[in-house]
Amino acid sequence: MTETAIVLGLLLFLPLLPVVFSAAGPHLPGAHFPWRSGANIACALLKLAVVVYALVRVAAGEVFEWRGEFVPGLALIVRLDALALLFVTLSTFLWTVTTFYAIAYMRGGKGQPRFFGFFNLCILATTGIAISGSMITFFVFYELLTLATWPLVVHKGDEGSLAAGRTYLAYTVTGSAALLFGIVWLESGAGPVAFVSPGDLSAHSPAALTAIFALMVGGLGVKAALFSLNAWLPAAMVAPAPVSALLHAVAVVKAGAFGIMRVIFDVFGLERVTALGLGLPLAVLASVTIVYGSLQALRQSEIKPRLAYSTVSQISYIILGASLAGPVAAIGGLVHLVHQGLMKITLFFAAGVLARRAGIHRLDALGGTGRRLPLTMGAFTIGALGMIGIPPVAGFVSKWFLALGGLEVDAPWVVAVLIASALLNAAYFLPPLYRAWLGPADGDLPAPEVLARDRPWMLILPAAVTAAAALGAGLFAGFAFSPLGWASLIVERVYTP
């Protein structure tokens, strides 16, 4: 077996092993909880080791690629290049941390084998999206992600969850139909489209290419939660906290944003996007989404809905960076793919701990939590400050490069959008932080001795780990293997016009 087959095979299929243990759990000797948990943790750690090996090889110039024809004239291609590895590294790291968190959070709950089965299928699909080497391969894994995440959204099985699941399917299936229409239209003239370099699309007229671009980006924009296409995301907040964390940090919304980056960088190419005048309208749409998401977040009184609308806003930073079609802005968008994931999963981990340990769901109930739950609220604070863009947390680095990128392509209005968004972020994050650290303790907050009797460290520590990672990504942004260093490598190798 070749090195390429081993690396790609382990990255893609390791999550299947926990799926098998989840399915076979009742038939295993003894209690099946340790078997399933052990398999989940072991596979996550092994995949993380494979990613570290791949980082070293890809940094040295290696590209791992495999292709196989499954329909005459149509090949599945998986390709691990620098851009793919950026997304794979993020998803694998967060998968590992979320595995520990989910085991603690779901313990004692119903339907755990089903939950962990689809949880791992979700990771497999996300990895497949990251390493897809062609548009049709991307679409296969993109649809697998929809199928794997729906059971997680409706996991509780109550009417609210089922309604959220219906909304989720209605939006995502419609988006997928638009994306598929765009792919078929594009490949009917240009042939199979691979993510190697922008292909020859001259068979299509400029008007047709504009329509194809709109179909593909519009279809992907559903999962990326672009303005007017994002109603499914706040509704999906009924899912358990580990699912919310994955949906908002690495899985569904990132799949949409990553797909839009592939369409801009690898399918159309920056030069063609600029020549057709497609970048500016998308940048404006992303900017509208940034402000809209922040305004909606400001209106929410519960923690998870506020975080959900914050995601709507923050994901569009990635799209803004790509659509400006300049190298510095591209670095800003690419690095925010990672930074937003680290910060947002921290916030959702902390929200889950607050709900599970203290029964807190509303922002006005946070009074005194900083003193009673310092580690959890400390992590929440780092995530929130990063979202605002306060240095040295990672979010500052993203916004700095996006601002410089806007100026580079003669779009100074981008700076105004970023400032407006930062002020709105401060307006909806700082008051809850003040209440948590300096306000009086809420009357329903459990007493310190009650909290001290039950400290589930597997539930508490993941937020601290991801908060430290968000802080480290900002403090050590100049290192070659930091998210910023890797994003710069991608732009330097492939995407600089």
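Residues numbered from 1 in each chain as written. Predicted model: local features only at pLDDT ≥ 70, side-chain atom pairs only at ≥ 80, totals over all residues. Heavy atoms only, no water.

- As named in an unreviewed UniProt entry, the chain is Monovalent cation/H+ antiporter subunit D family protein, taken from Marinicauda algicola.

**Re the overall build of the chain**
- Within the chain one finds 22 helices and 2 strands.
- Over its C-alpha atoms, taken along the principal directions, the chain stretches across nearly 70 × 60 × 45 Å.
- Looking at the chain as a whole, 59% of its 497 residues are labelled buried.
- About 17600 Å² of surface is accessible on the chain, with carbon and sulfur atoms providing 69% of the total.
- Side chains of the chain give 28 positive and 21 negative charges; the mean places of these two sets differ by 11 Å. (Helix = DSSP H or I, 4+ residues; strand = E, 2+ residues; numbered from the N terminus. Buried < 20%, exposed > 50% of the residue type's maximum accessible area, 1.4 Å probe, protein only. Areas by Shrake-Rupley, 256 points an atom, 1.4 Å probe, with all protein chains shown as cover. Lys, Arg positive; Asp, Glu negative; His and termini not counted. Charge placed at Lys NZ, Arg CZ, Asp CG, Glu CD.)

**Describing helix 5 (residues 112-131)**
- Between its first and last C-alpha atoms helix 5 spans 29 Å; for 20 residues at 1.5 Å apiece the expected length is 28 Å, and the two agree.
- Burial within helix 5 is extensive, with 16 of its 20 residues counted as buried. (Expected span 1.5 Å × (residues − 1).)

**Regarding the UniProt feature "domain: NADH:quinone oxidoreductase/Mrp antiporter transmembrane" (unreviewed entry) in the chain**
- Under the UniProt annotation, "domain: NADH:quinone oxidoreductase/Mrp antiporter transmembrane" (unreviewed entry) lies at residues 132-422.
- Regarding residues 132-422, the helix share stands at 77% and the strand share at 0%, and the terminal C-alpha atoms are separated by 34 Å. (UniProt positions renumbered as here; feature names shortened; annotations may be inferred.)

**What to know about the state of the cysteines**
- The final tally for this structure, using the stated rule, is 0 disulfides.
- Summary of cysteine pairing: Cys-43 is not part of a disulfide, and the nearest cysteine sulfur, belonging to Cys-122, is at 16 Å.
- In this structure Cys-43 comes out as buried when scored by relative accessible area, which is 4%. (Disulfide = S-S within 2.5 Å.)

**Observations concerning the packing of helix 11 (residues 252-268) against helix 14 (residues 303-323)**
- Between helix 11 and helix 14, whose axes approach to 9 Å, the crossing angle comes to 10°. Comparing the axis directions of helix 11 and helix 14 gives the class roughly parallel. Residues Val-253, Lys-254, Ala-257, Ile-260, Met-261, Ile-264 and Phe-265 of helix 11 form the contact with helix 14, whose participating residues are Thr-311, Ile-315, Ile-318, Ile-319, Ala-322 and Ser-323.
- Grouping the amino acids of the contact of helix 11 with helix 14 by side-chain chemistry returns 10 nonpolar, 2 polar and 1 charged. (Axes fitted to C-alpha atoms, helices over the stretch in contact; angles between N-to-C directions. Parallel < 35°, antiparallel > 145°, perpendicular 65-115°, else oblique. Contact = heavy atoms within 4.5 Å. Nonpolar A, V, L, I, M, F, W, Y, C, P; charged D, E, K, R; others polar.)

**Considerations on empty space enclosed by the protein**
- One pass over the full model with this rule turns up 1 cavity of 30 Å³ or more.
- One number sums up the size of the largest cavity: a volume of about 40 Å³.
- In terms of lining, the largest cavity is formed by Ile-303, Arg-306, Leu-307, Leu-363, Phe-380, Tyr-428, Phe-429 and Pro-432.
- Taken together, the elements giving at least two residues each to the lining of the largest cavity come down to helix 14 and helix 19 (413-438).
- Partitioning the lining of the largest cavity into residue classes produces 7 nonpolar, no polar and 1 charged. (1 Å grid on protein atoms, 1.4 Å probe; cavity = no way out; pocket = protein on both sides within 12 Å on 5 of 7 lines; lining within 4 Å. Points joined across faces, edges and corners; volume = space filled by probe spheres on them.)

**Observations concerning the pairing of strand 2 (residues 74-80)**
- Pairing analysis gives 7 bridges linking strand 1 (residues 64-71) to strand 2, with the strands arranged antiparallel. Bridging from a neighbouring strand, Phe-64 pairs with Leu-80 of strand 2.
- Adjacent in sequence and paired antiparallel, strand 1 and strand 2 are bridged by 2 residues, among which Gly-73 carries a positive phi angle near 85°. (Pairing = 2+ DSSP bridges.)

**Overview of a nonpolar patch on the surface**
- Taken together, the side chains of Phe-227, Leu-280, Val-284, Leu-285, Val-288 and Trp-413 define a hydrophobic patch exposed on the protein surface, amounting to about 480 Å² of accessible area.
- Of all the elements, helix 13 (residues 279-299) adds the most residues to the nonpolar patch, at 4 residues.
- Here Leu-280 shows up in helix 13.
- Since its relative accessible area comes to 54%, Leu-280 is described here as exposed. (Patch = residues over 30% accessible without salt bridge, like charges linked within 9 Å, V, L, I, M, F, W, Y side chains within 5 Å. Salt bridge = Lys/Arg side-chain N within 4 Å of Asp/Glu carboxyl O.)

**Let's talk about unusual backbone geometry**
- The peptide bond linking Pro-391 to Pro-392 adopts the cis configuration, its omega dihedral lying at 10°.
- Assignment of secondary structure puts Pro-392 in the loop between helix 17 (374-388) and helix 18 (394-408).
- Positioned with a positive phi, Ser-228 is a non-glycine residue whose angle comes to about 75°.
- With respect to the helices and strands, Ser-228 occurs in the loop between helix 8 (206-223) and helix 9 (232-235).
- With relative accessibility at 54%, the residue Ser-228 sits in the exposed group.
- If you check the backbone angles, Ala-325 has positive phi at about 60° while not being a glycine.
- Mapped onto the elements of the fold, Ala-325 is located in the loop between helix 14 and helix 15 (327-358).

**Topic: helix 1 (residues 3-13)**
- Within helix 1, the full set of buried residues consists of Val-7, Leu-8, Leu-11 and Leu-12. Down the axis of helix 1, the buried set is contained in an arc of 115°. They therefore lie on one face. (Arc of directions from axis to C-beta.)

**Quick look at the environment of Val-140**
- Locating Val-140 in the fold gives a position in helix 6 (residues 135-153).
- Overall, Val-140 belongs to the partly exposed group, its relative accessible area being 38%.
- A C-alpha to C-alpha distance of 35 Å links Val-140 and Gly-108, two positions 32 residues apart in sequence.

**A short note on the packing of helix 13 against helix 14**
- Between helix 13 and helix 14, whose axes approach to 8 Å, the crossing angle comes to 160°. Put simply, helix 13 runs roughly antiparallel to helix 14. Here helix 13 and helix 14 pass one another in a crossing that is left-handed.
- Taken together, the residues that form the contact of helix 13 with helix 14 break down as 12 nonpolar, 10 polar and 1 charged. (Left-handed = near helix turned anticlockwise from the far one by under 90°.)

**Considerations on the side chain of Gln-300**
- Its location among the elements puts Gln-300 in the loop between helix 13 and helix 14.
- Judged by relative accessible area, which is 19%, Gln-300 ranks as buried.
- Those residues in contact with Gln-300 that sit more than four places away from it in its chain are Pro-305, Arg-306, Tyr-309 and Leu-363.

**Describing the packing of aromatic side chains**
- All told, the structure shown has 15 aromatic pairs when counted by the stated rule.
- Here Phe-476 and Phe-479 contribute two aromatic rings whose centre-to-centre distance is 5.4 Å and whose plane-to-plane angle is 55°, an arrangement assigned as tilted.
- A relative accessible area of 45% places Phe-476 in the partly exposed class.
- Ring-pair connections join several aromatic residues into one group, and the members of that group are Tyr-101, Tyr-105 and Phe-349.
- Positioned over the ring face of Tyr-142 is Lys-223, at 3.9 Å from the centre of the ring. (Phe/Tyr/Trp six-rings, centres within 6.5 Å; stacked < 30°, edge-to-face > 60°. Lys NZ or Arg CZ within 6 Å of the ring centre and 35° of its normal.)

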